[in-house]
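Chain by chain, the residues run as shown.
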Amino acid sequence: MQPQKIFFDNDNKPSSEEIENHLEHPDCPLNKIIVSEKNEGNMEILKMFAHTAYSLPNHSCRGMSFVILSTAGQGKTYVVRQWAATIGIPFVFVQSDALADNHHLFNLIQKAFESTTPIIEQPADKYTVPPCIVFLDEIHALPNRVMDGLLNAMEYNDGKMKITVGKGLRSRSMEVDCREVCWVGATTEEGKLPGPFASRLETAIIWHPAGPEEICDIVNLQYPELSDEACWAVAKYRTVA
């Protein structure tokens, strides 16, 4: 059986109130994000997902796959990293246009588990991925050969990724159970997101650009030694990038 991290047993299940208190605590990674008024609804979605995951012993985010949309430089990756850190399961960053094939993708997923619960073969050429979050940056740029193999893996009622390794008589087939993978796509090109992916990433989070006040807060967070006047000066002349 594939090992996975278990956060609590039935005798120590956190109450809904305890989970809410944790998610509102200043040390919660999600609360390190500077959120504008326009993004407050998006943050509520992320906290709702996190609350659901926290109620499960393995913190699974199955069924929570989403796409995050924004212009370049608005911190999409940072937002998803903080969400993953809040939940406490592995985060797999994937630069979509750099993927060679689905075997390459599986190798990236395996690497994320090396120091915790390594993914083991069981039985021959079959693998099961424990709960994790796979972040496909600029998902619209996925090569077609990768895109085609991902559709079944991202399908809630299927979740199996078929991989062919090698060529000709020396080739072999692998099957990877991805039902516990939460797929997150990010793109600046909403119109280029293929329909089959859009249907699998059912929740769309439109992350709105930061205004001067948020930029000032971000600068202050990163450079606490600066005065308020200096932070406002930076916010006035710069955008998030």
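Throughout what follows, the structure given in this document is the object of discussion. (Residues numbered from 1 in each chain as written. Predicted model: local features only at pLDDT ≥ 70, side-chain atom pairs only at ≥ 80, totals over all residues. Heavy atoms only, no water.)

## Notes on the environment of Arg 172
With respect to the helices and strands, the residue Arg 172 is situated in strand β6 (residues 172–177). According to the relative accessible area criterion, Arg 172 is partly exposed, its value standing at 35%. The spatial distance from the C-alpha of Arg 172 to the C-alpha of Asp 125 is 8.3 Å, given a sequence separation of 47 residues. Beyond its immediate sequence surroundings of up to four residues, Arg 172 is in contact with Asp 125, Ile 163, Thr 164 and Val 165. A polar contact is formed between the side chain of Arg 172 and the side chain of Asp 125, at a distance of 2.4 Å. (Helix = DSSP H or I, 4+ residues; strand = E, 2+ residues; numbered from the N terminus. Buried < 20%, exposed > 50% of the residue type's maximum accessible area, 1.4 Å probe, protein only. Contact = heavy atoms within 4.5 Å. Polar contact = N/O pair within 3.5 Å; in protein donor to acceptor, adjacent residues only side chain to side chain.)

## What to know about the pattern of salt bridges
Between side chains of opposite charge, pairing is possible as soon as their charged atoms come close. Scanning the model with the defined rule gives six salt bridges in all. Asp 125 is paired through a salt bridge with Arg 172; the nearest N and O atoms lie 2.4 Å apart. Taken together, the residues Asp 125 in the loop between α4 (102–112) and β3 (126–128) and Arg 172 in strand β6 connect sequence positions 47 residues apart. A salt bridge links Glu 155 to Arg 200; its shortest N-O distance comes to 3.4 Å. Taken together, the residues span a long stretch of sequence, with Glu 155 in the loop between α5 (144–154) and β5 (160–165) and Arg 200 in helix α6 (residues 195–200) at a distance of 45 residues. Classification of Glu 155 by relative accessible area gives partly exposed; the value is 30%. What makes Arg 200 buried here is its relative accessible area of 19%. (Salt bridge = Lys/Arg side-chain N within 4 Å of Asp/Glu carboxyl O.)

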